[in-house]
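Chain by chain, the residues:
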Amino acid sequence: MPRDFLKGVKQKYDVIVIGSGLAGLTSANILGRAGYDVLLLEQHYKLGGMATWFKRPKGHIFDVSLHGFPYGMMKSCRRYWCQEIADRIVPLRGVLFDNPQFTLKTTYDRESFTELLQSKFGVEAATIREFFDTARGMNFYDDQQLTTKELFERFFPGRNDITRLLMEPITYANGSTLEDPAITYGIVFSNFMSKGVYTFQGGTDLMIGLMKDELEKNGVDIRIKSPVDKISTENGRVKSVHVGDREIECRSVVSNANLLTTIFKMVGEEQFDKDFVEDAKAVRVNNSSTQVYMALGPDDHLDRDTGDLLFTSTAENFETDLLLSRDVTSRTFSVYYPDTRPHDKRQRHLIVSSTNARWEDWADLDDEAYEASKQDLIETTIDALDKYVPNARERVIFSEAATPRTFYHYTRHHHGASFGTKFEGLPVSQALPTQISGLFHAGSVGIIMSGWLGAINYGVIVSNEVDQLLMK
Amino acid sequence: MTPAEIRAAIIEILETIAPDEDLSNLDDAKEFRDQMELDSMDFLDIVMELRKRYRVQVPEEDYANLVSMQSTVSYLEPKMADLPAE
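Residues numbered from 1 in each chain as written. Chains lettered and ligands numbered in written order. Predicted model: local features only at pLDDT ≥ 70, side-chain atom pairs only at ≥ 80, totals over all residues. Heavy atoms only, no water.

*Asks:* Mind showing me how you'd approach the domain arrangement of chain A here?
*Replies:* Many authors give the size of an interface as the accessible area that is lost as the parts come together. Residues and elements named next belong to chain A. Domain assignment breaks chain A into domain 1 (12-51 + 206-284 + 413-471) and domain 2 (95-195). In this structure, domain 1 and domain 2 have C-alpha centres spaced 32 Å apart. Roughly 940 Å² is buried in total at the junction of domain 1 and domain 2, and carbon and sulfur atoms are behind 73% of that figure. Per-residue buried area on domain 1 facing domain 2 is highest for F423, I447 and I448; these three make up 57% of the total on that side. Note that K422 is salt-bridged to D180, the shortest N-O span being 3.0 Å. Between the two partners, domain 1 and domain 2, sit 1 residue pair in polar contact (both at pLDDT 80 or more). (Domains from an automatic or database assignment. Buried area = accessible area lost by both parts, 1.4 Å probe. Salt bridge = Lys/Arg side-chain N within 4 Å of Asp/Glu carboxyl O. Polar contact = N/O pair within 3.5 Å; in protein donor to acceptor, adjacent residues only side chain to side chain.)

Shown next as structure tokens:
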């Protein structure tokens, strides 16, 4: 008989959280801590969603999305998780840009960028100050007509090189492009510029492990390998959640599944107003990604000067289309030094190359073409790495690739989306409880609620609403 | 609770939210944001703490009332008047 992953689950809960990405985990923790009966269901065998890692033979542990997040993560972890997690958040100081327009190194904060924009790009101090203040003053309810491209054009007309400097890291962080609303850029860029880029020392596995301990301490029931098939409603209210042939009753649901999956697959469009369904159908999911994971040998050493995050490109100019193209010209290398996992005796250097990608470019390849494309991605990436890690081909002892299909497989996100939805997803996500009482969504939406910090904070915002409803 | 007790309750919440801030010189008439580093998540935390500690609901459309100590206390007065002092 197959193992019953739902063994011991109660008949009824105050809250069922579907999905254990950082938004789902955080919601479950806050509501569990507030004293509610909470059940957390995850379809995969691991918690964390896109905040994940994987192990390979010979002791390699690869992090998928660990480098990096803004300083705000420290505060959010302290407040919504625990001091132990917050204490392990450390800065990444080596951010490198290398492309045909410029090569430079920065600590990626306002001070460093101000200095660079003045000395290397010849921009007046007043213009730089005004740009930073404008970005910092942006709110998500501000004018959405202005695009990021127009924002850059206003302050730095005709300067494609400055556009590249300002945009490349944010595209890596949340998949946004020059065509997205400027407010999404301003909010995320300002978060990073306040104090630079940070990471979690100990690795994603340790962080998710500590979060799991905290959830259990707060009385949350956690079940893995439990995919939700359906959310049932009755008289406009959430009633229960179905996993296989089990029906579990609940007063509210926080879905950390993809927004469109929640609406169209789990609930069903007939349960919503026509206008809402129209709005939901118009929501575009963000792009997906490809990644190449590379490990150096156990006795190899990489100088710290190599940098932590390397934004590299061979394209002459910066354009959104080039960033997504199968003909890869831009790669972000995240370098994981041995101190990523100080407790690990194997002093391993690992490099993960990330490039944004389109689902359509990978979805329909037959098996043979798919494998060949993956291999080509690995080979060209190792070639590109050679400039930063000399003799990369001899030094890389293990490599593997992930594609939009890989991301779909593990997350079940529509089209393998690795950054949630475009901006219009946020109002749809927020309107869900006005359609069905007790039904909430928390996850990467609207670009600003994306990334580790965005996801955690959105989990908090939604928990506040759940608490408000349940306390009535 | 009296307005003075409500004020003390808010100070207690602010101390947990912004442990590094010195609140002894807080000007009640001035906006919090002009005197200390508070972002939108911090305001949300104030709302959540009020609910947790005093079961007071502050709906989203009323968040604007929390800009300064003075406006916060006058907004909460009718909601918290019947609560016993701690």
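*Asks:* Would you take a moment to explain helix α8 (residues 182-195) of chain A for this structure?
*Replies:* Side chains of residues three or four places apart in an α-helix project in the same direction, reflecting 3.6 residues per turn. All names here are of chain A. Helix length check: α8 (14 residues) gives 21 Å between terminal C-alpha atoms against 20 Å at 1.5 Å per residue, within 8%. Of all 14 residues in α8, 11 are buried, a share of seventy percent or more. Where α8 is buried, its residues meet β5 (69-70), α4 (110-119), α5 (125-136), α6 (148-155), α7 (160-174) and β9 (197-200). Remark: G196 follows α8 within two positions and exhibits a positive phi of approximately 100°. (Helix = DSSP H or I, 4+ residues; strand = E, 2+ residues; numbered from the N terminus. Expected span 1.5 Å × (residues − 1). Buried < 20%, exposed > 50% of the residue type's maximum accessible area, 1.4 Å probe, protein only. Contact = heavy atoms within 4.5 Å.)

*Asks:* What am I meant to see in the nonpolar core here?
*Replies:* If you look at soluble globular proteins, the nonpolar side chains tend to sit buried side by side. Within the largest apolar cluster, 139 residues are counted, with the highest numbers of intra-cluster contacts made by A:L22, A:F113, A:F189 and A:V241. Broken down by element, this core gets its largest block of residues, 10 residues, from helix α18 (residues 451-471) of chain A. Split by domain, the residues of this core number at least three in each of domain 1 (12-51 + 206-284 + 413-471) and domain 2 (95-195) of chain A. Each residue touching A:V241, except ones within four places of it in the same chain, is listed here: A:I16, A:I18, A:L41, A:V228, A:K230, A:I231, A:R246, A:E247, A:I248, A:C250 and A:V253. Grouped together as the second largest cluster of nonpolar side chains are 27 residues, B:L23, B:L26, B:L38 and B:V73 included. (Core = buried A, V, L, I, M, F, W, Y, C linked by side-chain atoms within 4.5 Å.)

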